[in-house]
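# Structural characterization, general
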Amino acid sequence: MSLNHVRPWRDIYRRKSRRIMVGNVPVGGDAPIAVQTMTNTLTTDVAATVAQVQAAAEAGADIVRVSVPDEASSKALKEIVRESPVPIVADIHFHYRRGIEAAEAGAACLRINPGNIGDEKRVKEVIKAARDHNCSIRIGVNAGSLEKHLLEKYGEPCPEAMVESGLEHIRILQDNDFHEFKISVKASDVFLSAAAYQGIAEATDAPIHLGITEAGGLVSGTIKSAIGLGNLLWMGIGDTIRVSLSADPVEEVKVGFEILKSLGLRHRGVNIISCPSCARQGFDVIRTVEALEHRLEHIKTPMSLSIIGCVVNGPGEALMTDVGFTGGGAGSGMVYLAGKASHKMSNDQMIDHIVEQVEKKAAELESTQEAAE
């Protein structure tokens, strides 16, 4: 599907995939690319886990995954699902019974790793539980836990081995007449992940969950994920994404949305266009942008804001944004509204004023949207 008919150099043609449901969230087909994250609290600490789920949902997460490592976690999951504002995916490793318990507890989806959940008989039992409780499944192939026979065949984790693993487990689900599944083929290596995802995208019409696993800390992991996921999304591959960072899950959601926003695939909140600043700046750009990012987090309506330190690029960028501020001289700058110069504002009042203008514009856009509906 083309996302832009006016500027063909911006076109992204999404791969055609089947649509499944993860709770009330559609994944695949022409549904918006869903953003996911995963809690890192002890699942048995229901209050802490629910708080983290709610924070992620407030940041924009469509789906949240929760680890279910033991029976006590299975019991806690039922309460977490009941209090969660978004569908919960149960992360299952090693113990197939946890998958059955999670389905019974109300999980919207089971994430199973084919390399460590057990033999085909046990997988079939998990499939039955998923079907009985209207639960979808994610086949989660991981380069770090490929099946022994595939490692013996290929000698090491490689794209071919990962694709073969995924297709073997797709066959098991399809042989059991189960089709509500999506698939991921993750690795911590960007090249390996990208090649595996391209291979699986050609081999199946199942929805694809994108991720670079164990990407790293906030900065390094964000860069690695942006390169890997960004290129695959640009190619039209991917129906839901999770950015795997050694950081607060809320940061994963933020990064995921920024990747999608940069490609025009999802729009949420304020897109700030700002310069890196230099000696020409008429105000402290870096401090201003930091303050605005924090104070505008509550805005969910898609809109654009330009914050440029001087008149070299400021007026030109402001022409393309809903609200803009360009640094000038004598302690003030120019405020732009809807691409047109509107009025001057002193630097010491500009942050409060810009927040006010953005909130006003967001309210206008929301009213227009509501009237159209």
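About the criteria used
- Residues numbered from 1 in each chain as written.
- Predicted model: local features only at pLDDT ≥ 70, side-chain atom pairs only at ≥ 80, totals over all residues.
- Heavy atoms only, no water.
- Helix = DSSP H or I, 4+ residues; strand = E, 2+ residues; numbered from the N terminus.
- Expected span 1.5 Å × (residues − 1).
- Buried < 20%, exposed > 50% of the residue type's maximum accessible area, 1.4 Å probe, protein only.
- Contact = heavy atoms within 4.5 Å.
- Pairing = 2+ DSSP bridges.
- Right-handed = clockwise from strand over helix to strand, strands pointing away.
- Core = buried A, V, L, I, M, F, W, Y, C linked by side-chain atoms within 4.5 Å.
- Axes fitted to C-alpha atoms, helices over the stretch in contact; angles between N-to-C directions.
- Patch = residues over 30% accessible without salt bridge, like charges linked within 9 Å, V, L, I, M, F, W, Y side chains within 5 Å.
- Areas by Shrake-Rupley, 256 points an atom, 1.4 Å probe, with all protein chains shown as cover.
- Salt bridge = Lys/Arg side-chain N within 4 Å of Asp/Glu carboxyl O.
- Parallel < 35°, antiparallel > 145°, perpendicular 65-115°, else oblique.
- Left-handed = near helix turned anticlockwise from the far one by under 90°.
- Nonpolar A, V, L, I, M, F, W, Y, C, P; charged D, E, K, R; others polar.

Right, let's talk about helix H1 (residues 46-59) for a bit. In a regular helix each residue adds 1.5 Å, so 14 residues correspond to 20 Å; H1 covers 20 Å between its end C-alpha atoms and thus fits that length. Residues of H1 that are buried include every one of Val46, Thr49, Val50, Gln52, Val53, Ala56, Ala57 and Ala59, and no others. Against strand S3 (34-38), strand S4 (63-67), helix H2 (71-83), strand S5 (88-92) and helix H9 (249-262) lie the buried residues of H1. Just downstream of H1, Gly60 is the residue with a positive phi angle, here 120 degrees.

With that settled, the discussion passes to the pairing of S5. Strand residues, when the strand is regular, have side chains that alternate between the two faces of the sheet. Burial analysis of S5 places five of its five residues in the buried class, which makes it a mostly covered element. Neither face of S5 is left uncovered, since the one carrying Ile88, Ala90 and Ile92 and the one carrying Val89 and Asp91 both have all their residues buried. By the bridge criterion, four bridges tie S4 to S5 in an arrangement that is parallel. When the bridges of S5 are listed, Arg65 appears paired with Val89. Regarding topology, H2 serves as the crossover connection from S4 to the parallel S5, and that connection is right-handed.

Moving on, we come to the nonpolar core. Judged by nonpolar contacts, the single largest core of 78 residues is most densely connected at Leu77, Leu110, Ile137, Met162, Leu210 and Leu233. Residues within four places of Leu210 in sequence aside, it is in contact with Lys186, Tyr197, Leu229, Leu232, Leu233, Ile237, Gly238, Thr240, Ile241 and Arg242. Among the nonpolar cores identified, the runner-up in size contains 20 residues, and Val289, Leu296, Ile307 and Val355 belong to it.

The mixed open sheet is built from five strands, whose spatial order is S11-S12-S13-S14-S15. Only two strands of the sheet have a single partner each, and these edge strands are strand S11 (270-274) and strand S15 (340-346). Geometrically, the sheet is characterised by an average inter-axis angle of 20 degrees between neighbouring strands, direction not taken into account. Pairing analysis gives five bridges linking S11 to strand S12 (residues 303-308), with the strands arranged parallel. Directly across from Ser274, in S12, lies its bridge partner Ile307. Contacts between helix H10 (residues 285-295) and the sheet are confined to S11 and S12, with S12 contributing the most and set at about 160 degrees to the helix. In this fold helix H12 (residues 350-372) packs onto S11, S12, strand S13 (323-327), strand S14 (332-337) and S15, with an angle of close to 160 degrees to the strand it touches most, S12.

If you walk across this open sheet you meet the eight strands as S8-S7-S6-S5-S4-S3-S10-S9, and the pairing is parallel. Each edge of the open sheet is held by one strand with a lone partner, namely strand S8 (181-186) and strand S9 (209-210). Bridging between strand S7 (residues 136-142) and S8 involves six bridges; their strand directions are parallel. Bridge pairing links Ile137 to Phe181 in S8. Packing against the sheet, helix H7 (residues 190-203) makes contact with S8 and S9, and its axis sits at approximately 150 degrees to S8.

Our focus in this paragraph is a nonpolar patch on the surface. On the surface, a cluster of nonpolar side chains totalling about 370 Å² of accessible area is made up of Leu218, Val219, Ile223 and Ile227. By the element assignment, Ile227 lies in helix H8 (residues 218-234).

This next bit is on the pattern of salt bridges. Inspection of every chain in the model, using the stated rule, returns 18 salt bridges. Put simply, Asp175 and Arg171 hold a salt bridge, and the shortest N to O gap is 3.2 Å. Here Asp175 and its partner Arg171 are both found in helix H6 (residues 159-175), four residues apart, which amounts to about one turn of the helix. Given the relative accessible area of 54%, Asp175 is considered exposed. Relative accessible area serves as the criterion here: at 39%, Arg171 is assigned to the partly exposed category. In this structure, Arg295 engages Asp352 in a salt bridge whose closest nitrogen and oxygen atoms are separated by 2.5 Å. Here Arg295 is found in helix H10, whereas its partner Asp352 is found in helix H12, with 57 residues between them in sequence. On the accessibility criterion, Arg295 (35% relative accessible area) is partly exposed.

The next thing to look at is the packing of H2 against helix H3 (residues 96-105). Where H2 meets H3, the closest approach of the two axes is 9 Å, and the angle between their N-to-C directions is 20 degrees. Looking at the two axes, H2 sits roughly parallel to H3. Crossing hand, H2 versus H3: right-handed. Side by side, H2 and H3 meet where Glu71, Ser74, Leu77, Lys78 and Val81 of the first sit next to Arg98, Glu101, Ala102 and Ala105 of the second. Here the contact of H2 with H3 is built from residues that sort into four nonpolar, one polar and four charged.

Another point: the pairing of S13. Among the five residues in S13, five count as buried, and that is most of the element. Of the two faces of S13, the one lined by Val323, Phe325 and Gly327 and the one lined by Gly324 and Thr326 are each fully buried. Of the strand pairs in this sheet, S13 and S14 are connected by five bridges, and their pairing is antiparallel. If you follow Phe325 over to S14, its bridge partner there is Val335. Where S13 folds back on S14, the antiparallel hairpin that results is connected by four residues, among which Ala330 adopts a positive phi of roughly 55 degrees.

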